[in-house]
Amino acid sequence: MDFNKIAKEVLDIEANELKIASENISSFDIEKAINLIYDCKGKVIVTGVGKSGLIGAKIAATLASTGTSSFFLHPTEAMHGDLGMIGKDDIVLGISYSGESEELIQLLPHIKRFDIPLIAMAKNIESTLGKYSDIFIDISVTKEACPLDTAPTSSTTLTLAMGDVLAVCLMKKRDFQKEDFASFHPGGSLGKKLFIKVDDLLKKDNLPIVSRETKIKDAIVTMSEGRLGNVLIIDENNRLDSVLSDGDLRRALMSENFSIENSVDTISTKNPKTINNKNLLASDALKIVEDYKIQLLIITNENNEIIGVLHIHDLIEAGIK
């Protein structure tokens, strides 16, 4: 059995359904849904059962992490006491491919009784869910990827994608930035990437700094004591002039004119890479380090005076990727 062929067929079928939806997007009530959610003073309560419920839980999580207050509520739990979790200022996003899921249908009259706006995702606007809805988003597909054309596959993929459509459109409308995203993700690798700044990891004290006139032999001692594999070299105005790395030193040792009695600026690297923004995200600093293939990033002020340094090891140890 050729599983690679089957895998390609599954992906092609699901991709085609997304393409069809994309081509027909103008017929969807996306703009109405976005404006309704944007103006909502309460929360977006996502509900559904089975596969639709699992997709709904992910949609609620995506909305919540991108600035839209949202949570998932199982219809059965709602009917057994959790209905009180829905407030008068909330919106309900109901998901059911058939539009006839019994548990969800039982909930609809109670939603309408409280005059709570309902956005529906289903395949047919004439379904019970569709008829109850204030805004309808069509998630019908021409073919499931399942060989029996039965198990929710293409339809759940499209439903998930439509949830992403809502989230991304709302992010654009709110001008949601990296800093906003970071505030919702303070933990884990994502939080580290979006929340930790250069200033949080900066080495500022006891830096290996010497003047341009310092002899190479003395600079080597300073480099060893500094444990950064580099020496920072300043001019007479205490401004950064150059940097001497252990690589510079090894290359200089191969020169016929090398002498440890020479001044350090004879073998140092001029115009080293610096930044003058200590509030830069550490993840962006890592990209600079990788792009320039350097181990040490020097942070200066507007006068080119050294504020501190950031070593690639500091970024790695902090879990920045």
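Not measured: the values here are computed from a predicted model. (Residues numbered from 1 in each chain as written. Predicted model: local features only at pLDDT ≥ 70, side-chain atom pairs only at ≥ 80, totals over all residues. Heavy atoms only, no water.)

Draft legend 1. Quick peek at helix α7 (residues 154–174). Counted at 1.5 Å a residue, the expected span for α7 with its 21 residues is 30 Å, and the 30 Å between its end C-alpha atoms agrees. Turning to α7, its buried residues number three or more, namely Ser154, Ser155, Thr156, Leu158, Thr159, Met162, Gly163, Leu166, Ala167 and Leu170. The secondary structure elements touched by the buried residues of α7 are α1 (3–23), α2 (30–38), α3 (50–65), β3 (91–95), β4 (118–122) and β5 (135–138). Just beyond α7, the residue with positive phi is Asp175, at close to 55 degrees. (Helix = DSSP H or I, 4+ residues; strand = E, 2+ residues; numbered from the N terminus. Expected span 1.5 Å × (residues − 1). Buried < 20%, exposed > 50% of the residue type's maximum accessible area, 1.4 Å probe, protein only. Contact = heavy atoms within 4.5 Å.)

Draft legend 2. Representation of the pattern of salt bridges within the structure. Under the counting rule described, the total for this entry stands at 16 salt bridges. Put simply, Lys19 and Glu23 hold a salt bridge, and the shortest N to O gap is 2.5 Å. Placement of both Lys19 and Glu23 in helix α1 is noted, with a separation of four residues, approximately one turn of the helix. What makes Lys19 partly exposed here is its relative accessible area of 48%. (Salt bridge = Lys/Arg side-chain N within 4 Å of Asp/Glu carboxyl O.)

Draft legend 3. Quick peek at the pairing of β3. With five of five residues buried, β3 lies mostly within the body of the structure. Sheet topology note: the strand β1 (residues 44–47)/β3 ladder contains four bridges and is parallel. Across the sheet, Ile45 pairs through a bridge with Val92, a residue of β3. Bridge count for β3 against β4 is four bridges, and the pairing is parallel. (Pairing = 2+ DSSP bridges.)

Draft legend 4. View of the nonpolar core. Grouped together as the largest cluster of nonpolar side chains are 27 residues, with contacts concentrated most on Leu93, Ile119, Met121, Ile137, Met162 and Leu166. When contributions to this core are tallied by element, the ones reaching two or more residues are α2, β1, α3, β3, β4, β5 and α7. It is α7 that contributes the most residues to this core, five residues altogether. For Ile137, the contacting residues outside a window of four places in its chain are Phe28, Ile30, Ala33, Ile119, Ala120, Met121, Ala122, Met162 and Leu166. In this structure, Ile275, Ala282, Leu310 and Ile320 belong to the second largest nonpolar core, which totals 18 residues. (Core = buried A, V, L, I, M, F, W, Y, C linked by side-chain atoms within 4.5 Å.)

Draft legend 5. Here's a closer look at a nonpolar patch on the surface. Where nonpolar side chains cluster on the molecular surface, the patch consists of Met1, Phe3 and Ile6 and spans about 390 Å² of accessible area. In this fold, Ile6 is placed in helix α1. (Patch = residues over 30% accessible without salt bridge, like charges linked within 9 Å, V, L, I, M, F, W, Y side chains within 5 Å. Areas by Shrake-Rupley, 256 points an atom, 1.4 Å probe, with all protein chains shown as cover.)

Draft legend 6. Broad picture of the sheet that holds strand β2 (residues 70–72). The five strands are arranged β2-β1-β3-β4-β5 in an open sheet whose pairing can be described as parallel. Of all strands in the sheet, those with a lone pairing partner are β2 and β5, marking the two edges. On average, each strand axis in the sheet is tilted by 20 degrees relative to the strand beside it, whichever way the strands run. Docked against the sheet, α3 engages β1, β2 and β3, running at close to 160 degrees with respect to β2. The strands that α7 touches are β3, β4 and β5; relative to β4, the one it contacts most, it runs at about 145 degrees. (Axes fitted to C-alpha atoms, helices over the stretch in contact; angles between N-to-C directions.)

Draft legend 7. Here's a closer look at the packing of α3 against α7. In the contact formed by α3 and α7, the axes pass within 9 Å of each other and the chain directions differ by 15 degrees. Here α3 lies roughly parallel to α7, going by the angle between them. Relative to α7, the crossing made by α3 is right-handed. Residues Lys51, Ile55, Lys58, Ile59, Thr62 and Leu63 of α3 pack against Thr156, Thr159, Leu160, Gly163, Asp164, Leu166, Ala167 and Leu170 of α7. Of the residues that constitute the contact of α3 with α7, the class distribution is seven nonpolar, four polar and three charged. (Parallel < 35°, antiparallel > 145°, perpendicular 65-115°, else oblique. Left-handed = near helix turned anticlockwise from the far one by under 90°. Nonpolar A, V, L, I, M, F, W, Y, C, P; charged D, E, K, R; others polar.)

Draft legend 8. Structural detail: the environment of Arg212. With respect to the helices and strands, Arg212 occurs in the loop between β6 (209–211) and α11 (216–226). Residue Arg212 is classed as partly exposed on the basis of its relative accessible area, which comes to 24%. Here Glu236 takes part through its side chain, which lies 2.7 Å from a polar atom of the side chain of Arg212. (Polar contact = N/O pair within 3.5 Å; in protein donor to acceptor, adjacent residues only side chain to side chain.)

Draft legend 9. Summary view of unusual backbone geometry. The backbone of Asp115 shows a phi angle near 55 degrees, a positive value even though the residue is not glycine. Structurally, the position occupied by Asp115 is in the loop between α5 (102–113) and β4. A positive phi is found at Asn206, a non-glycine position, where the angle reads about 50 degrees. The class of Asn206 is exposed, set by a relative accessible area of 78%.

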